[in-house]
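Here is what each chain is made of, one letter per residue.
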Amino acid sequence: MARDKFAQQSLGGTLHGMVKKSRVLMVGAGGIGCELLKNLVLTGFGEIHIVDLDTIDLSNLNRQFLFRNEHIKKSKALVAKEAAQKFNPNVKIEAYHDNIKDPQFNVAWFQQFNIVFNALDNLDARRHVNKMCLAGNVPLIESGTTGFNGNVQVIKKGDTECYDCVPKPTPKTFATCTIRSTPSQLIHCIVWGKSYLFAELFGISEDDTPELDQSLDKEGNNAEEIAKLREEATKLKRVREQMGSQDFPRAVFEMVFKDDIERLLSMEDMWKGKRAPVALDFDHLLEQSKIPAATVLQDDQMVWSIEENFAIFVDSIFRLSQRLENERAEKEVGNSAPILSFDKDDVDTLDFVVASANLRAAIFGIEPRSKFDIKQMAGNIIPAIATTNAMTAGLCVLQAFKILRYTDPEQLKRHAQVVFLTRTTERNLAADLVQPPNPECPTCSVAQITLTVDTARAKLKDLVEEVLKNQLGYGEELSVTKDGDLLYDADEDAHLEKTFSELGITMGSSVIVIDDADEDTKVNVEFSIDAKELPSTDKPINSLEDLKIATRSKAALPVAAPATNGYGHANMNGTSNGTMGGVKRSADEASLEDDIVRKKGKVMEGKQVKEAEDILVIEDEKNDGIIELD
């Protein structure tokens, strides 16, 4: 008896044939991913590709059933492939121990798949895959779980809501004064270690860390703390210059765990009626710390003593310093300085944050926690339950059947669903039909265009003058940005003679073009770069002469804000698929807003204005502005 006989009887010959011929991508091989891979293999999907950067941890084994004790520290993607292949040897499985955001996974690579499954655990990666699937016009099945709750969503460009059509809750922030001077919970110490100390020593400045709320409170008290924080950041930069020397750990320790605490103690009024912090002494702890760091690190579920945290602190600083020095040595001259980023799965960065947080907790009389516990808190890890993962993975495959069966967009919209798992007394499974795209979505309302470029020869001037102005009909009022950095506008032309390579625009990069013209304003366009070496006789950028970009009525658009930017939806050929409401503005308001957007809105990336608190938002209760798209 053929192993797929019953699957064929259940699905029908036509659908079963589609399943066997399908090439699918699964991003993430964790809790949902293990269950989903098992389902895909047993269902008989012909070719499955798996991408996951993570390695297997002991804490994964209770719910990620493809992994065993002997797999700890090995690649999730590679082990999952090996384990699942035994379920059905007829299925071809490819695994990548890589980051899905790596340049090799560009739009063209995504386009080889019939369906993409998201089985991820963080917003940033989810949004990236959502964006790539929209650019490549590939159906995406998004999924996630939180404890007993789960959800599955079908995403199809132009037909359904994308992942960003409904704004997601913003990550929690903490007042700078609390983090810097008066921590009362361990999470305050963890944020201090991750978003302040680690960032200042090995990463970006504290001005760019999203978890620190640098806005003023009602009394304006936060201003003084922000000023002190920046003053001490300057001191830390001087300490950072000692990196690589044997005295570097001492210099860091004495500044943040001794000098800074003594400064706080000098403010006697601050500690009236509450426990005052106690400064730590480097030499005393050095003398008391007798256990090697390697021995301490063997048990991540044990709460370390002050002396043990001190040993890990010193050891992790040496490890991180060496990594940063090695990256600097390998970095090409002229590029920006290398930095390190915190990652809960990066042992070096996690050890540093755990030790820093526990030492600071000891100073303020806060109970320390184990490395295992702090990893959950620092990494914002959401509790997972095996049964919820299994049900969610099953629903993903059922929605995949609908994508394969209903190729007509109207049929798909009538059958594809958004499904929710909820733990209630009334019902545990709820489903709604997919909703149409949000015309104000900051992601799918942007026109997506792939641009083939010889990045070694092409200059920014070729894009601006030849492609945008000559071929696509842009005027002088336009701006070009990459990752929030302004490359060109009417007042900034310093980069025109630089090549794409010199600007860091390579395979998989994206540039956003924003039209600031007062009339016949074009919708925002995101160009995905397909880097290829073109013949020297050809132009360095492929021709887009047959392409037309849809226009929008700028006067009717709402002012850009963090959640939405009010731009009409456009597909790959630049045509629109809908209309949307806008907000009326007076001539004076429009002039003021246009000036603000022109000066600050260049970092919008077609999605979001930074420094949004400085953007004037005009509200109109009637909301009767109409945009007509050609």
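If you're wondering where the values come from, they're calculated on a predicted model, not measured in any experiment.

Re the nonpolar core
Next, step 1: Leu197, Phe202, Val252, Phe253, Phe257, Phe313 and Phe352 are the most contacted members of the largest nonpolar core, which has 53 residues in total.
Next, step 2: Element by element, the count of residues in this core is highest for helix α8 (residues 186-202), at 11 residues.
Next, step 3: Beyond its immediate chain neighbours, meaning those up to four positions away, Phe257 contacts Trp192, Ala279, Leu280, Phe313, Ser356, Leu359, Arg360 and Ile363.
Next, step 4: Residues Leu11, Val24, Cys34 and Ala393 belong to the second largest nonpolar core, which totals 45 residues.

Comments concerning the environment of Arg127
Next, step 1: Within the fold, Arg127 resides in helix α6 (residues 123-136).
Next, step 2: Overall, Arg127 belongs to the partly exposed group, its relative accessible area being 32%.
Next, step 3: Considered as a pair, Arg127 and Thr443 are 316 residues apart in the sequence and their alpha carbons are 8.9 Å apart.
Next, step 4: Leaving out residues up to four positions away in the same chain, Arg127 has contacts with Tyr163, Asp164 and Lys168.
Next, step 5: Reaching out from Arg127, the side chain makes a polar contact with the side chain of Asp164 at a distance of 3.0 Å.

Examining unusual backbone geometry
Next, step 1: Of note in this structure, Lys73 is not a glycine but carries a positive phi near 80°.
Next, step 2: Tracing the backbone through its elements, the reader meets Lys73 in the loop between β2 (47-51) and α4 (76-85).
Next, step 3: The phi angle at Asn137 is positive, at roughly 55°, despite the residue not being glycine.
Next, step 4: In this fold, Asn137 is placed in the loop between α6 and β5 (140-146).
Next, step 5: Of the residues examined, Asn137 reaches a relative accessible area of 42% and is grouped as partly exposed.

Brief notes about the pattern of salt bridges
Next, step 1: Taken as a whole and assessed by the stated rule, the structure comprises 30 salt bridges.
Next, step 2: Across the pair Glu142 and Arg126 runs a salt bridge, and its minimum N-O distance is 2.6 Å. Within this pair, whereas Glu142 is found in strand β5, its partner Arg126 is found in helix α6, the two being separated by 16 residues in sequence.
Next, step 3: Its relative accessible area of 2% is what places Glu142 among the buried residues.
Next, step 4: Note that Lys469 and Glu476 form a salt bridge whose closest N and O atoms lie 2.9 Å from each other.
Next, step 5: Classification of Lys469 by relative accessible area gives buried; the value is 13%.
Next, step 6: Through salt bridges with shared partners, one network takes in Asp315, Arg319, Arg323, Asp346, Asp348, Asp351 and Lys371.

Section: helix α18 (residues 460-471)
Next, step 1: Residues of α18 that are buried include every one of Leu460, Leu463, Val464, Val467, Leu468, Lys469 and Gln471, and no others.
Next, step 2: Considering only its buried residues, α18 is in contact with β11 (447-453), β12 (478-482), β13 (485-488), β14 (510-515) and β16 (525-531).
Next, step 3: Following α18 by one or two positions, Gly473 adopts a phi angle in the positive range, close to 80°.

Side note on the pairing of strand β3 (residues 92-96)
Next, step 1: Looking at chain direction, β2 and β3 are connected through five bridges and run parallel. Within β3, the residue paired with Ile48 across the bridge is Ile93.
Next, step 2: Crossover handedness for the path β2 to α4 to β3: right-handed.

So, a negative patch on the surface
Next, step 1: Where like charges cluster on the molecular surface, the negative patch consists of Glu477, Asp518, Glu519 and Asp520.
Next, step 2: Looking at the secondary structure, you find Glu519 in the loop between β14 and β15 (521-522).

Cut-offs applied
- Residues numbered from 1 in each chain as written.
- Predicted model: local features only at pLDDT ≥ 70, side-chain atom pairs only at ≥ 80, totals over all residues.
- Heavy atoms only, no water.
- Core = buried A, V, L, I, M, F, W, Y, C linked by side-chain atoms within 4.5 Å.
- Buried < 20%, exposed > 50% of the residue type's maximum accessible area, 1.4 Å probe, protein only.
- Helix = DSSP H or I, 4+ residues; strand = E, 2+ residues; numbered from the N terminus.
- Contact = heavy atoms within 4.5 Å.
- Polar contact = N/O pair within 3.5 Å; in protein donor to acceptor, adjacent residues only side chain to side chain.
- Salt bridge = Lys/Arg side-chain N within 4 Å of Asp/Glu carboxyl O.
- Pairing = 2+ DSSP bridges.
- Right-handed = clockwise from strand over helix to strand, strands pointing away.
- Patch = residues over 30% accessible without salt bridge, like charges linked within 9 Å, V, L, I, M, F, W, Y side chains within 5 Å.
- Areas by Shrake-Rupley, 256 points an atom, 1.4 Å probe, with all protein chains shown as cover.
- Lys, Arg positive; Asp, Glu negative; His and termini not counted.
- Charge placed at Lys NZ, Arg CZ, Asp CG, Glu CD.

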